[in-house]
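So the chains spell out like this:
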Amino acid sequence: MTKLDSFINEAKTICILGHINPDGDCIGSTLGLYNYIINRYNIDKKVKVYLQKPSDKFNILKGFDKISQDINDAIEYDLCIVCDCGSKDRIKEFCIYMENAKNIVVIDHHETNDIVCENLILDSLAPASCELVYKNIDKSFINRDVAECLYIGIAHDTGVFRYTNTTSETLRIVAELVDKEINFNYLLDTTMFMQKFNQKRIMAEIVNRAKFLLDGKVLFSYTNDEEVKKFSLDNRDIDIVVGYLRETIGIEVAIFAYEIGTNIYKISLRSNGEKINCAEISKRFGGGGHKKAAGFTLKMDVSEIESFLKKKLFVVFNA
Ligand SMILES: [Mn+2]
């Protein structure tokens, strides 16, 4: 029995948490564990997933409709499992469940993990938290529901197995998941590739205003709340933009800014090659993430962001 399994085995009540703005790996790892616990223990355990409301495109995963946003500081869970999250700040309002819990296990693959916890399943070389979940659960209880969740998470964090974080082991794990007769084509299309027409239209606007900075090493663009609303979208609909900008010949890093509050911008970075470490850059500004994908928050007007980036990144690029 793995350490994770023995914690689950001993607990009667379990909560599962992830990070703010939950992405495919966060949703996949939390719901993957949720479905695993239900499949293995049925009604013997009370298990609940708390996440900020994820994009509806993930509603094809079992348990999606059970994801809760409730806050109740009187509840004390026997066990709190935190997935895919490198800092307390990013658990946000659900942190109370972690603080109240009798035991905590953290499963994560971020380079910048600063959660202090005795039971840390941390591997920054793992391409996805879902891969770590897979490795730490009893394979004989992985049913189709679990497999779908874990497949989604690994696919999302590896760019469908094409980023350099993908290993032969990843592909072997994926093969095991495919053997559970998941409809991977449907899963990928629904959660990654199919878009609302307005997502394509806002992308056109964002690409049109994109600028090369620092001798063409950086491709930078942005949107704001007003524009996102104009297209009847929300921020969950533009999470694909930065990855799309990265796929530009000649650049070392794509940077995309979007408004998460009045004059508060989330800055997302995606790099090509080995020269730029996005996690390191983001950490300097209070954020974090992975070598090739990371982000941080800036409190300023969008017109100031460009000059901020030019000034600060110049130092990084010339280091
Ligand atoms: Mn992840």
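If you're wondering where the values come from, they're calculated on a predicted model, not measured in any experiment.

Asker: Can you break down the nonpolar core residue by residue, with the values?
Answerer: Soluble globular proteins tend to pack their nonpolar side chains together in the buried interior. Counting 50 residues, the largest nonpolar core has Ile8, Leu33 and Ile107 as its most contacted members. In this structure, Ile107 is in contact with Leu4, Leu33, Ile81, Val82, Cys83, Asp84, Cys85, Ile121, Ser129, Leu132 and Val133, ignoring residues within four places of it in sequence. Val253, Phe296, Leu313 and Val316 belong to the second largest nonpolar core, which has 24 residues in total.

Asker: Lay out the environment of Ser55 with the relevant residues and their values.
Answerer: Turning to its location among the elements, Ser55 is positioned in the loop between strand 2 (46–50) and strand 3 (79–83). Residue classification places Ser55 among the buried residues on the basis of a relative accessible area of 11%. Linking Ser55 and Gly24, residues 31 residues apart in sequence, is a C-alpha distance of 9.5 Å.

Asker: Explain the coordination of the manganese ion to me, and be specific about the residues and the numbers.
Answerer: Protein ligation of the manganese ion involves Asp25 (OD), Asp84 (OD), His109 (NE2) and Asp157 (OD), the donor distances falling in the range 2.2 to 2.3 Å. In primary sequence terms, the donor set of the manganese ion follows D-x58-D-x24-H-x47-D. Highlighted residues: Asp25 in helix 2 (residues 24–41) and Asp157 in helix 5 (residues 144–157), separated in sequence by 132 residues. Taking relative accessible area as the criterion, Asp25 reaches 0% and is therefore assigned buried.

Asker: Can you explain the side chain of His156? Please cite residues and give values.
Answerer: As for its position among the elements, His156 is in helix 5. Classification of His156 as buried rests on a relative accessible area of 16%. With residues up to four places along the chain from it excluded, the contact list for His156 reads Gly24, Asp25, Phe58, Thr191 and Met192.

Asker: Any chance you could break down the sheet that holds strand 7 (residues 218–222) for me, citing the residues and the numbers?
Answerer: With mixed pairing, the six strands of this open sheet are ordered in space as 6-7-8-9-11-10. Each edge of the sheet is formed by a strand with only one pairing partner; in this case those strands are strand 6 (211–213) and strand 10 (288–289). Both strand 9 (residues 264–271) and strand 11 (residues 293–299) contribute to a ladder of seven bridges, which runs antiparallel. Each bridged residue has a counterpart across the sheet, and for Arg270 the counterpart in strand 11 is Ala293. Helix 12 (residues 302–317) rests against strand 6, strand 7, strand 8 (253–261), strand 9 and strand 11 of the sheet, and its axis sits at about 160° to strand 7.

Asker: Would you mind going over the side chain of Ser29 in detail, with residue names and values included?
Answerer: Looking at where Ser29 falls in the secondary structure, it is placed in helix 2. When its relative accessible area of 0% is taken as the criterion, Ser29 is described as buried. Within polar-contact distance, the side chain of Ser29 engages the backbone oxygen of Asp25 at 2.7 Å. In this structure the side chain of Ser29 is engaged in a polar contact, spanning 3.2 Å, whose partner is the backbone oxygen of Cys26. If we skip the residues at most four places from it in the chain, Ser29 touches Cys83, Asp84, Ser129, Cys130 and Val133.

Asker: Give a description of the environment of Phe317 that names residues and reports values.
Answerer: Inspection of the secondary structure puts Phe317 in helix 12. Accessibility expressed as a relative area gives 16% for Phe317, which makes it buried. Taking the C-alpha atoms as reference points, Phe317 and Leu122, 195 residues apart in sequence, are found 29 Å from one another. Not counting residues within four places of it along the chain, the set of residues in contact with Phe317 comprises Leu214, Lys217, Val218, Glu252, Val253 and Ile276.

Asker: Go over the sheet that holds strand 3 with me, naming the residues and quoting the values.
Answerer: Read from one edge of the open sheet, five strands run 2-1-3-4-5, paired in parallel fashion. A strand with exactly one partner marks an edge of an open sheet, and here the two such strands are strand 2 and strand 5 (120–122). Here the strands of the sheet are splayed against their neighbours by 15° on average, with no regard to which way each runs. Examined bridge by bridge, strand 1 (residues 13–17) and strand 3 share four bridges and lie parallel to one another. The partner of Leu17 across the bridge, within strand 3, is Val82.

Asker: Hey, could you go over the packing of aromatic side chains for me, with residue numbers and the actual values?
Answerer: By the definition in use, this model includes ten aromatic pairs. For the pair Tyr151 and Phe184, a centre-to-centre distance of 6.2 Å together with 40° between the ring planes defines the contact as tilted. Placement of Tyr151 in helix 5 and of Phe184 in helix 7 (residues 184–193) is noted, with a sequence separation of 33 residues between them. Since its relative accessible area comes to 38%, Phe184 is described here as partly exposed. A centroid spacing of 5.3 Å and a plane angle of 65° characterise the contact between Phe285 and Phe308, whose relative ring orientation is edge-to-face. Here the residue Phe285 occupies a position in the loop between helix 11 (278–284) and strand 10, and Phe308 occupies one in helix 12, the gap between them amounting to 23 residues. A relative accessible area of 15% means that Phe308 is categorised as buried. A connected cluster of aromatic rings, assembled from ring pairs, spans Tyr50, Tyr77, Phe94 and Tyr97. Directly above the ring of Tyr134 sits Lys139, whose terminal nitrogen or CZ lies 4.8 Å from the centroid.

Each value, and the rule that gives it
- Residues numbered from 1 in each chain as written.
- Predicted model: local features only at pLDDT ≥ 70, side-chain atom pairs only at ≥ 80, totals over all residues.
- Heavy atoms only, no water.
- Core = buried A, V, L, I, M, F, W, Y, C linked by side-chain atoms within 4.5 Å.
- Buried < 20%, exposed > 50% of the residue type's maximum accessible area, 1.4 Å probe, protein only.
- Contact = heavy atoms within 4.5 Å.
- Helix = DSSP H or I, 4+ residues; strand = E, 2+ residues; numbered from the N terminus.
- Donors = N, O, S within 2.8 Å, 3.2 Å for Na, K, Ca; no water.
- Pairing = 2+ DSSP bridges.
- Axes fitted to C-alpha atoms, helices over the stretch in contact; angles between N-to-C directions.
- Polar contact = N/O pair within 3.5 Å; in protein donor to acceptor, adjacent residues only side chain to side chain.
- Phe/Tyr/Trp six-rings, centres within 6.5 Å; stacked < 30°, edge-to-face > 60°.
- Lys NZ or Arg CZ within 6 Å of the ring centre and 35° of its normal.

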